[in-house]
Amino acid sequence: MHFGLEDHQEHLVATARQWVDQRWARADLESVDERCRLWLELEANGWPTMLGLGADAASVLDAVVTVEALARGGCSLALVPAMVSTLIGTGTSTDSNVTSEGLSRPLLVIDGTSPAEPVARGLEVAQEILVARSTTEASPGSERSWQIAIVGAEEKAVEVVQDENPLLLCGISESARSGAEWRDADPEIVEKAWRIGAVLSAAELVGVAQSVVDMCASYAKDRIQGGKPIGAHQAIQHRLADMLGYVERCRYLCYAAAQVVEDGATTEVHQAKALAARDCLTTIRSGHQVLGAIGFSAEHGLPHLHKQALVAAHEFGSASWHWAALETD
Amino acid sequence: MNFTFPDNAERFREEVRAFLAARPPGDYKVDAMDGGYGSGAVSHEFMRALGERGWIGLSWPTEFGGGGRPMIETLVLAEELALASAPMGPLTGSDQWGWSLISDANEQLRQDLLPKIAAGEYTSWQGFSEPDAGSDLLALTTRAARDGDEYVINGRKIWSSEAGSYTHGQVLARTHEIGDGGSRTRGLSMFVVPNDAPGLTLRPIVSLTGEVYHYEAFLDDVRVPLWRIMGPEGEGFRELLRGLDRDRFWGRFHKPPAMLRNLRLLEDYARTTRRGGRSIIEEPGLARRLAELRAETEATRLLFYRFGWQLDNDIPTPYESALYKTLADELGQRVANFAVEVLESDMMIGRDRGDLSTEMRQLYLTSVGQTIAGGTSEVLRTTVATRGLGLAKS
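In every chain, residue numbers begin from 1 and rise along the written sequence. The naming scheme follows written order: chains are lettered A onward, ligands numbered 1 onward. A pLDDT threshold of at least 70 governs which residues receive local features in this predicted model, and a stricter bar of 80 or more applies before side-chain atom pairs are shown or counted, although totals over entire chains, interfaces and linings include all residues. Side-chain metrics in this entry use all non-hydrogen atoms of the structure; hydrogen atoms and water are not considered.

Let us look at the overall build of chain A. Secondary structure follows DSSP: runs of H or I at least 4 residues long count as helices, runs of E at least 2 residues long count as strands, and numbering of each begins at the N terminus. When helices and strands are counted, chain A shows 11 helices and nine strands. Type-normalised accessible area, obtained with a 1.4 Å probe on protein chains alone, sets the label of each residue: buried when under 20%, exposed when over 50%, and partly exposed for intermediate values. Buried residues in chain A amount to 58% of all 329 residues. The contact criterion used throughout is that any non-hydrogen atoms of two residues lie within 4.5 Å. Sequence-distant contacts, at least 24 apart, represent 68% of the contacts inside chain A between residues at least 6 apart. Surface exposure of chain A reaches about 12,800 Å², of which carbon and sulfur atoms provide 47%. Per-residue accessibility takes into account occlusion by the displayed protein chains alone, with areas from the Shrake-Rupley method and a 1.4 Å probe.

Turning next to the packing of aromatic side chains. Centres within 6.5 Å make a pair out of two Phe, Tyr or Trp rings, where for Trp the six-membered ring is used; the pair is then stacked when the planes are under 30 degrees apart, edge-to-face when over 60, and tilted otherwise. Counted under the stated rule, the structure contains 22 aromatic pairs over all chains. Aromatic side chains phenylalanine 3 of chain A and tyrosine 252 of chain A sit 6.1 Å apart centroid to centroid with 55° between the ring planes, which places their arrangement in the tilted category. With phenylalanine 3 of chain A in the segment before helix 1 (7–22) and tyrosine 252 of chain A in helix 8 (residues 234–260), the pair connects residues that are 249 residues apart, well separated along the chain. Among the residues examined, tyrosine 252 of chain A registers a relative accessible area of 7% and is labelled buried. Clustering of aromatic rings is evident, with ring pairs tying together Phe5, Phe249, Trp250, Phe253, Phe304, Tyr305, Phe307 and Tyr324 of chain B. Sitting over the face of the ring of tryptophan 182 of chain A, arginine 133 of chain A holds its NZ or CZ atom 3.7 Å from the ring centroid. The ring of tyrosine 28 of chain B carries the charged tip of arginine 23 of chain B above its face, separated from the ring centre by 3.9 Å. As a reminder, the over-ring test applies to NZ of lysine and CZ of arginine, requiring each to be within 6 Å of the ring centre and within 35 degrees of the ring normal.

For every residue, the predictor reports its confidence as pLDDT, a number between 0 and 100. Confidence along chain B averages 94 in pLDDT terms, with 98% of residues attaining 70 or more. Two summary scores accompany this predicted model of the complex, namely pTM at 0.94 and ipTM at 0.93.

Okay, the side chain of histidine 306 of chain A next. Residue and element names in this part refer to chain A. Position of histidine 306 relative to the elements: it lies in helix 10 (residues 302–314). Looking at histidine 306, the relative accessible area reads 14%, which means it is buried. Those residues in contact with histidine 306, other than ones at most four positions away along the chain, are Leu281, Ile284, Arg285 and His288.

Moving on, we get to helix 12 (residues 377–388) of chain B. Looking only at helix 12 of chain B, the buried set comprises Ser377, Leu380, Arg381, Thr382, Thr383, Val384, Ala385 and Thr386 of chain B. Turning to helix 12 of chain B, the residues buried within the fold contact helix 8 of chain A together with helix 6 (236–250) and helix 9 (320–343) of chain B.

All names here are of chain B. Judged by how many residues are buried, strand 5 (residues 188–194) sits mostly within the fold: seven of seven residues are covered. Residues Leu188, Met190, Val192 and Pro194 of strand 5 are buried on one face, and the alternating residues Ser189, Phe191 and Val193, pointing to the opposite face, are buried as well. What makes two strands pair is DSSP finding at least two bridges between them. Alignment of strand 4 (residues 168–174) against strand 5, held across seven bridges, turns out to be antiparallel. Bridge pairing in strand 5 places alanine 173 opposite serine 189. As defined by bridge partners, strand 5 adjoins strand 8 (residues 229–230) across two bridges and the pair is classed as antiparallel. Bridge pairing in strand 8 places phenylalanine 191 opposite isoleucine 229.

For the rest of this paragraph, the subject is unusual backbone geometry. It is generally the case that most residues other than glycine have a negative phi and that most peptide bonds are trans. All names here are of chain B. Backbone geometry at tryptophan 159 places phi at a positive 65°, although glycine is not the residue there. Assignment of secondary structure puts tryptophan 159 in strand 3 (residues 150–161). Of note, aspartate 314 is a non-glycine position whose phi angle comes to about 55°, a positive value. Structurally, aspartate 314 is set in the loop between helix 8 (286–312) and helix 9. Aspartate 314 sits in the exposed class, given a relative accessible area of 69%.

Note on disulfides: each one is a pair of cysteine sulfur atoms within 2.5 Å. Applying the stated criterion across every chain, the model contains zero disulfides over all chains. Cysteine 250 of chain A carries a free sulfur, and the closest cysteine sulfur to it, the one in cysteine 280 of chain A, is 4.1 Å from it.

Next up on the list: the environment of glycine 54 of chain B. All names here are of chain B. Structurally, the position occupied by glycine 54 is in the loop between helix 2 (44–52) and helix 3 (71–83). A residue is classified by how much of its surface remains accessible, and glycine 54, at 30% relative accessible area, is partly exposed. Remark: the alpha-carbon pair of glycine 54 and alanine 118, spanning 64 residues in sequence, is separated by 7.0 Å.

At the interface, 38 residues of chain A touch 39 residues of chain B. Interface area for chain A against chain B, summed over the two sides, is near 3,700 Å², with a carbon-plus-sulfur share of 65%. The term buried area denotes the loss of accessible surface (1.4 Å probe radius) that occurs when two parts are joined, taken as the sum for both partners. Contact with chain B buries area across many residues of chain A, yet Met1, Phe3 and Arg249 of chain A alone supply 22% of it, more than any other trio. Whenever a carboxyl oxygen of Asp or Glu lies within 4 Å of a side-chain nitrogen of Lys or Arg, that contact is scored as a salt bridge. Our count for the chain A to chain B interface comes out at five salt bridges. Between arginine 249 of chain A and glutamate 296 of chain B there is a salt bridge, with the nearest N and O atoms lying 3.2 Å from each other. Contacts described as polar in this section are N or O atom pairs within 3.5 Å, which, within protein, must combine one atom able to donate a hydrogen with one able to accept it, while residues neighboring in sequence count only if both atoms come from side chains. Counting the contacts that link chain A with chain B gives 18 residue pairs in polar contact (both at pLDDT 80 or more). Within the residue set of the side of chain A that touches chain B, elements represented by two or more residues are helix 3 (60–72), helix 7 (187–222), helix 8, helix 9 (267–291) and helix 11 (319–327) of chain A. In terms of residues, the side of chain A that touches chain B owes the most to one element, helix 8 of chain A, which gives 15 residues. Residue classes follow a fixed rule: Ala, Val, Leu, Ile, Met, Phe, Trp, Tyr, Cys and Pro count as nonpolar, while Asp, Glu, Lys and Arg count as charged, and any other residue, Gly among them, counts as polar. Class assignment for the residues of the side of chain A that touches chain B results in 20 nonpolar, 11 polar and seven charged.

This is the structure we're talking about:
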């Protein structure tokens, strides 16, 4: 057993941290054009497609530490859905003519009766959207049939559901969905990609929650009230200790799931996503209490992180969905 | 990163399982109660059986009588024994006591103790806390003074686990007085005191289970030869810190596997027992809580393995033992609460449920003290915040 990052993973993390420090932290995130530019840089770094490059593909664990590092740095671009859409696009190329080469900035929407919300983030930077829909009733633990379609990301196809820059939630318009060319997809490929998506979204949650711990610890050291840092009070100390414990616990469950998800593991995946969706959100809520009023002001970074985590918590199965799957496991 | 056990560890796991299958753990004579930490009851017979196989001190260097095996095998041994609820009570404590001796003791002390620890003959209790020095251990008043070729120890210790069943105490005492403004961490020394030393009296303290787990130790002019000191005189604080840190890890490492075992037993019971016209597992929310507890336990198990890996690779662990102990102990209390939910009144009165209700009753009652023993959760959270997150001390 080895719990440290491999050399190449250290490099992935360092590169991701450097990018978010240099580019994301200084970007004008209110601007859609700027977010598109940032997305092109993500693509140039090879992150959205790192899982779908055949023999050169990174491992899921590589992708997990990358996603976590980017999220810890504050990056909220929809990297995880893009990674999953690449996996599905590549995996289903034989029988559906959908290839990763044929997709340009693909992002994924899970639609229909799937457990995920039929909305997605990041569609503003997509040129094409891979829509996957389950054609069977999806109860946790049951087998699902899948169809996929490619929808152009032009204005008439995308409906903005919620616009809270820089986190834009969109859906696919009814007309675009009904006009799309649906193809049956190999359920094994889609389900596997979906499980990988669950692990990756757990990693994103861990990264966001860790960034909240970092933010709150720093604030607790600097914020002076009554003549001493608020972090000198045990009430704050103990809250932060709990937050750290939650994040560490989720992190290693996520890493362990990443190692076995490609072999078809389900229990580990359900546990990783369910716990991350529950405990990372708890951590973030707790962070609001440490930061006080500034923490629920839109001018502060925490509200955005919180909303990003809410989205990640529901992508590729909510906590409730994964707990329910474990009940029948 | 790789979470797969190496081949040697898996082979050793099979060896341990074969040992347990050859003679079930329940066949061994029990000498003292199960403290509920996952290390089972105390059976000296079982400890001797482990010693015969070279499984106490498994990872000690061979020149000190150990097995020279990788640390992962010691972890696997503890995990498998916990999964089987084997009465290994003193095992990990003995293992770590040996490591302390190898690291810090003089040659005479090593020769006196190590072979018999490895054989399962010698076991040790901790004489750290005192009636007025609990969370503030440095307020201790026990004194040790040199008198010729002996130390004379006077004082009073309390909350020493299983002291009456073990053979030696590790007793912390002040050997040098501190002047005004001097650091209380200076001038402390650790001594190894045999239980049969004249002047040492152990008073059993009956716990809420009705059994004895803790003892109070009275040291009245207890004389020990100079070589029974651990490390240099006055440098016992380092030994204390290391002992506490190790204890929080090794004293809790077996807890996650023990919890997994308990959850499995409770699930089996809930699936096969009907109440109110349905299986207990079908009661609203129960299966969900089981899934949550199991996931948290798996996550905690991974954290302990990670900690072991850090120790094995000499990676600093400034806060981890405090954090992981707190997580494990509080989770253990929730598992115990779950047992109440599943077994209801059967657990309290032990009616018609045989071993399961008795075992879970013990688990529930002993879990109360675990967030206190070895450092309260409150003190340890402060440790995490100050050492792990760099917050100011209050």
